[in-house]
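So the chains spell out like this:
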Amino acid sequence: MYAPPVTEPALPLLYAQHLARDRRRSAHTVRAYGATAERLVAFLQKHWGGPVTREALGKASAADLRAYLAHRREDGLTNASAARELSAVRGFLKFAVGEDAELPRLKGPRVKKGVPRPIAPHEAVALAETVSEEAREPWLAARDWAVLLLLYGAGLRIGEAVSLTGAVLPLGATMAVTGKRDKTRIVPLLPQVRDAIEAYARQCPYGVSRDAPLFRGAKGGPMPPGVIRKSVRAARTALGLSDRTTPHALRHSFATHLLGRGADLRALQELLGHASLSSTQIYTAVDAAHLLDVYRNAHPRA
């Protein structure tokens, strides 16, 4: 007996599993791209008035994708968000119909690339001190101080810092860090950063073991990145700093200050764990922007 084709609800789930297992994408990327795949399948089922199968996805047209993006625009998507959505859609279609399949040609929205805003060294230190001072217990103060110094002093992403395990101890002059797509890089450790981590490790009431998270939450579990983000928001308000003063801004500051002191772009690329040099080159614009700010503020005719 013939059975008509039906929508394959498992496709978005299989895509998410593929991203996590085969492509080793971050948990955030897996969630975001998986959600896009679910939204696309739901939209196309209504748009086509029929099942969404691999075969049907292989026949999706540029007009179909434009209709989907227009539908998503109704939810208030910015150009940057729409560009990310389109990237996720293309990835899902490649997965569903085959890597060699020819996808509909569709130009994404133009996205103006923003320049990261670094903060001054004294502001970075003041921010870390304020976050530390507001902690409920001494060991939590030591933890927050160590994490923020890692972001500013070693250029780590917040996710990289909270993912460290006790295996990094004892510390030396450098430390191995696992970044995006499980890529490992070696970062130098300033004495102040090393001292901060060791001071925290001595005070942590849950101890430190090789296979457990180095930085613990208040109840002993892995430290959630949101804890630091929330503390930084409160501290920047107290200090009167910009809304752009985030944990990631400390990483921007690390890169900008090194570049300003003559660091080589290729070396900076390695320190930051960027897959391509183009990602690092944005900091040349940051440095130029800083010079313009200094010029405007100092020059009598500016």
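Here the structure is a predicted model, which is why all the values come from computation and not from measurement. (Residues numbered from 1 in each chain as written. Predicted model: local features only at pLDDT ≥ 70, side-chain atom pairs only at ≥ 80, totals over all residues. Heavy atoms only, no water.)

## Focus on the overall build of the protein
We count it as follows: Strands here mean DSSP runs of E at least two residues long; helices mean DSSP runs of H or I at least four residues long; both are numbered from the N terminus. A simple rule labels every residue: compare its accessible area, found with a 1.4 Å probe on the protein chains alone, to the largest value its type can have, and call it buried under 20%, exposed over 50%, or partly exposed in between. The contact criterion used throughout is that any non-hydrogen atoms of two residues lie within 4.5 Å. Reported accessibility uses the Shrake-Rupley method at a 1.4 Å probe radius. Residues are deemed covered only where the shown protein chains occlude them.
In terms of helices and strands, the protein carries 13 helices and two strands. A burial count over the protein gives 41% of its 302 residues as buried. Across the protein, contacts joining residues at least 24 apart in sequence account for 61% of those joining residues at least 6 apart. Within the structure as shown, the protein displays about 17100 Å² of accessible surface, and the carbon and sulfur contribution to it stands at 53%.

## A few points about helix H6 (residues 121-133)
For the record, the criterion: To estimate the expected span of a helix, subtract one from its residue number and multiply by 1.5 Å.
Spanning 13 residues, H6 covers 18 Å between terminal C-alpha atoms, matching the ideal 18 Å at 1.5 Å per step. Residues of H6 that are buried include every one of Ala-124, Leu-127, Ala-128, Thr-130, Val-131 and Ser-132, and no others.

## A short note on the pattern of salt bridges
Keep this limit in mind: Counted as salt bridges are all cases of a side-chain nitrogen of Lys or Arg within 4 Å of a carboxyl oxygen of Asp or Glu.
Across all of its chains, the model carries seven salt bridges by this definition. Residue Arg-39 pairs with Glu-85 through a salt bridge whose shortest N-O separation is 3.1 Å. Residue Arg-39 is located in helix H2 (residues 27-48), and its partner Glu-85 is located in helix H5 (residues 79-97); the two are separated by 46 residues in the primary sequence. Of the residues examined, Arg-39 reaches a relative accessible area of 33% and is grouped as partly exposed. Judged by its relative accessible area of 5%, Glu-85 falls in the buried class. In this structure, Arg-185 engages Glu-160 in a salt bridge whose closest nitrogen and oxygen atoms are separated by 2.8 Å. Linking Arg-185 in strand E2 (residues 184-188) with Glu-160 in helix H8 (residues 158-162), this pair joins segments that are 25 residues apart in sequence. A residue is classified by how much of its surface remains accessible, and Arg-185, at 6% relative accessible area, is buried. Taken together, the shared-partner salt bridges connect Arg-39, Arg-72 and Glu-85 into one network.

## Description of the confidence of the model for the protein
Here is the rule we go by: pLDDT expresses, on a scale from 0 to 100, how confident the predictor is about each individual residue.
For the protein, mean pLDDT is 79; residues scoring 70 or higher make up 77% of the total. Confidence over residues 1-6 falls short of pLDDT 50; this stretch has five contacts with residues more than four positions distant or in other chains. Of the regions scoring below 50 in pLDDT, residues 288-292 engages in one contact with residues more than four places distant in sequence or in other chains.

## Some thoughts on helix H7 (residues 138-154)
Between its first and last C-alpha atoms H7 spans 23 Å; for 17 residues at 1.5 Å apiece the expected length is 24 Å, and the two agree. Of all 17 residues in H7, 15 are buried; the element is thus mostly enclosed. Backbone geometry just downstream of H7 places Gly-155 in the positive-phi region, at approximately 75°.

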